[in-house]
Amino acid sequence: MSERWSSIGSFESTRYRMDVLANPYGPVEEITDALSRNPDWHAAAPDLAELLRLRLAARAGVSSNWVVLANGVDELHMMIARWRSDHGPMVIFPPSDTDLERWIVQHASQTERVQRLRDFSLPVGPEFPRLPRGGTAVLLSPNDPTGTVMSVQETVRLSRQCSFVVIDERHAAYSSRTLAPLAREFENLILVQTFETAASLAAFPIAWAIAPPHLAHEIVRYGRPSGIARMSLVAGLAALGAQDEVQQTVRRVMVEKGRLFRQLRKLSMISPPYPSWANFLLARIERGTSAFFVPRLRERGIEVYEVTDPLLPNHLRISAISPSATNALKQALIDAALDL
């Protein structure tokens, strides 16, 4: 995502937002058209919600009573945390999304942190201590900021050690790997998905959980009394109908991520990025520090995400957005390194 901005003397430059997670191409035309000229505009919101649930269920191969809608992925995690607040700890696995961790801590009565291994895999094998009894594990796949995905084996082991497993797949559109088939197989697995990232619908947040009906029934009790926002329902239905167009933009992002990886691994001041199944890369500063480079990149019109997790010092998360952004980042890193 880039934007035009003017500096002193009205000189125009381009500012590149390589710290964002949403699809840089924004909502596709079909979604914006639906928001401006929706043929179902006069339908009651409950009718739109039921239609969206039916279509999401059909896509997942389940009945509609498996689907719980929410006004965004944050609200859905809040609903789950409140449901489980008196039934054991919420278990999180850093390094992960620190904003999600803070959100869960805010709404859960008890949380426990279980650190990932050096390769960012989960400590769930027989050689590791068992996880907290009665816990509800919450994980992203692909994970932010590491870009790693959960394996089937990890998921199965988690399901055996925890009361419930919540897998957040907000970035899964970029990986072509989903654990959705397991949600139909395991009675304690909850899958969280959203259009906020790949379809770039952060302005109209809509998310859903896929869970066995007895779990879905419990989660929905903690939803917002006013229900789901009408515009989010319209945007969600349009996103479902425009999946081919959305996937075209996703493929463009992934092509650029590959190019971004190749450009960064040529530089000496930053490590070759870790393998990633998301639309971003995680890399470590090798010469200097992230505190040195981040403000200098900003001065050159480039925003990257400085990872704040103490488990990842001097790491940057860099999103793929466009060829011009990749070129600008490479040159800015080279220029900034001259000041070392």
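Each remark here, short or long, concerns the structure printed above.
Calculation notes
- In this convention, every chain numbers its residues from 1, walking through the sequence in written order.
- Two thresholds apply to this predicted model, a pLDDT of at least 70 for residue-level local features and 80 or more for giving and counting side-chain atom pairs, whereas whole-chain, interface and lining totals are computed over all residues.
- Side-chain measures were taken over the full set of non-hydrogen atoms in the model, leaving aside hydrogen atoms and water.
- Centres within 6.5 Å make a pair out of two Phe, Tyr or Trp rings, where for Trp the six-membered ring is used; the pair is then stacked when the planes are under 30 degrees apart, edge-to-face when over 60, and tilted otherwise.
- Here a helix means four or more residues in a row that DSSP labels H or I, a strand means two or more in a row labelled E, and each is numbered from the N terminus.
- Accessible area is worked out with a 1.4 Å probe on protein chains only. A residue is then buried under 20% of its type maximum, exposed over 50%, and partly exposed in between.
- Think of it as a cone above the ring: NZ of Lys or CZ of Arg counts as a charge over the ring if it is within 6 Å of the ring centre and within 35 degrees of the ring normal.
- When we speak of the arc, we mean the arc of directions from the helix axis to the C-beta atoms.
- Each salt bridge in this description consists of a side-chain nitrogen of Lys or Arg and a carboxyl oxygen of Asp or Glu lying within 4 Å of one another.
- The pairing criterion is simple: DSSP has to find at least two bridges between the two strands.
- When charges are tallied, Lys and Arg are placed among the positive residues and Asp and Glu among the negative ones, while His and the ends of the chain are skipped.
- Two N or O atoms form a polar contact when they lie within 3.5 Å of each other; inside protein one atom must be a possible hydrogen donor and the other a possible acceptor, and for residues adjacent in sequence the pair counts only when both atoms belong to side chains.
- Contacts are residue-level and defined by heavy atoms, with any inter-residue pair within 4.5 Å sufficient.
- To obtain each axis, a line is fitted to C-alpha atoms, and for helices this fit is confined to the stretch in contact; angles are then taken between N-to-C directions over 0 to 180 degrees.
- Definition used in this section: a nonpolar core is a set of buried Ala, Val, Leu, Ile, Met, Phe, Trp, Tyr and Cys residues joined via side-chain atoms within 4.5 Å.

Some details on the packing of aromatic side chains
Move 1: For the structure shown, the criterion picks out 4 aromatic pairs.
Move 2: When the ring of tryptophan 83 is compared with that of phenylalanine 164, the centres are 5.1 Å apart and the planes differ by 55°; the resulting orientation is tilted. Placement of the pair is tryptophan 83 in helix 3 (residues 73–83) and phenylalanine 164 in strand 7 (residues 164–168), with a sequence separation of 81 residues. In this pair, the class of tryptophan 83 matches that of phenylalanine 164, namely buried.
Move 3: Positioned above the aromatic ring of tryptophan 83, the side-chain terminus of arginine 84 is 5.2 Å from the ring centre.
Move 4: For the cation-ring pair, arginine 177 lies above tryptophan 277, with the distance from its terminal atom to the ring centre recorded as 4.7 Å.

Examining helix 7 (residues 213–220)
An α-helical segment advances 3.6 residues per turn. Residues three or four places apart therefore align on the same side.
Move 1: Those residues of helix 7 lying buried are Leu215, Ala216 and Ile219. The arc enclosing the buried residues of helix 7, seen along the axis, measures out at 100°, which places them on a common side.

Brief notes about the pattern of salt bridges
Move 1: Tallied over the entire structure, the rule returns 13 salt bridges.
Move 2: Between arginine 259 and glutamate 256 there is a salt bridge, with its nearest N and O atoms 3.1 Å apart. One end of the pair, arginine 259, and the other, glutamate 256, are both in helix 9 (residues 243–264), 3 residues apart, so they sit about a helical turn from each other.
Move 3: Assessed through its relative accessible area of 6%, glutamate 256 is described here as buried.
Move 4: In this structure, glutamate 303 engages arginine 298 in a salt bridge whose closest nitrogen and oxygen atoms are separated by 3.2 Å.
Move 5: Within this structure, Arg15, Arg298 and Glu303 form a network of salt bridges that share partners.

Overview of the sheet that holds strand 10 (residues 280–284)
Each strand in a sheet pairs with its neighbour through backbone hydrogen bonds, running either in the same direction (parallel) or in the opposite one (antiparallel).
Move 1: Strand order in the open sheet made by the 3 strands is 10-13-12, with antiparallel pairing throughout. With one partner strand each, in any of the chains shown, strand 10 and strand 12 (305–306) form the two edges of the open sheet.
Move 2: Sheet topology places strand 10 next to strand 13 (residues 315–319); 5 bridges connect them, and they run antiparallel. Within strand 13, the position partnered with arginine 284 by the bridge is histidine 315.

Re the side chain of lysine 257
Move 1: Among the secondary structure elements, lysine 257 is positioned in helix 9.
Move 2: At 12 Å, glutamate 256 is the nearest oppositely charged side chain to lysine 257, a buried residue that forms no salt bridge.
Move 3: Within polar-contact distance, the side chain of lysine 257 engages the backbone oxygen of serine 276 at 2.5 Å.
Move 4: Side-chain polar atoms of lysine 257 contact the backbone oxygen of alanine 278, separated by 3.1 Å.
Move 5: Every residue in contact with lysine 257, bar those within four places of it in the chain, is listed here: Ser276, Trp277, Ala278, Asn279, Phe280, Leu281 and Ala320.

Concerning the pairing of strand 13
Remark: a regular strand shows side chains that alternate across the two faces of the sheet.
Move 1: Across the 5 residues of strand 13, 5 count as buried, placing the element largely inside the fold.
Move 2: Neither face of strand 13 is left uncovered, since the one carrying His315, Arg317 and Ser319 and the one carrying Leu316 and Ile318 both have all their residues buried.
Move 3: Here strand 12 runs beside strand 13; their pairing, made up of 2 bridges, is antiparallel. Among the inter-strand pairings, tyrosine 305 is bridged to a residue of strand 13, identified as arginine 317.

Regarding the pairing of strand 3 (residues 67–70)
Move 1: Neither face of strand 3 is exposed, since Val67 and Leu69 on one face and Val68 and Ala70 on the opposite face are all buried.
Move 2: Relative to strand 9 (residues 207–210), strand 3 runs antiparallel, the two sharing 4 bridges. Bridge assignment links valine 68 to a residue of strand 9, and that residue is alanine 209.

Examining the sheet that holds strand 3
Move 1: Spatially, 3-9-8-7-6-4-5 is the arrangement adopted by the 7 strands of the open sheet, whose pairing is mixed. Of all strands in the sheet, those with a lone pairing partner are strand 3 and strand 5 (111–113), marking the two edges. Sheet twist, expressed as the mean angle between neighbouring strand axes with direction ignored, is 20°.
Move 2: Packing against the sheet, helix 5 (residues 152–161) makes contact with strand 6 (136–140), strand 7 and strand 8 (189–194), and its axis sits at approximately 145° to strand 7.

A look at the nonpolar core
Move 1: Among the nonpolar cores identified, the biggest contains 81 residues, and Met18, Leu158 and Leu329 are the most heavily contacted of them.
Move 2: A per-element tally of this core places helix 8 (residues 230–241) first, with 7 residues.
Move 3: Apart from the residues within four sequence positions on either side, methionine 18 is in contact with Leu260, Ile302, Glu303, Val304, Arg317, Ile318, Ser319, Ile321, Ala325, Thr326 and Leu329.
Move 4: In this structure, Met79, Trp83, Val138 and Ala211 belong to the second largest nonpolar core, which totals 25 residues.

Function cannot be inferred from these measures alone, as they are strictly geometric.
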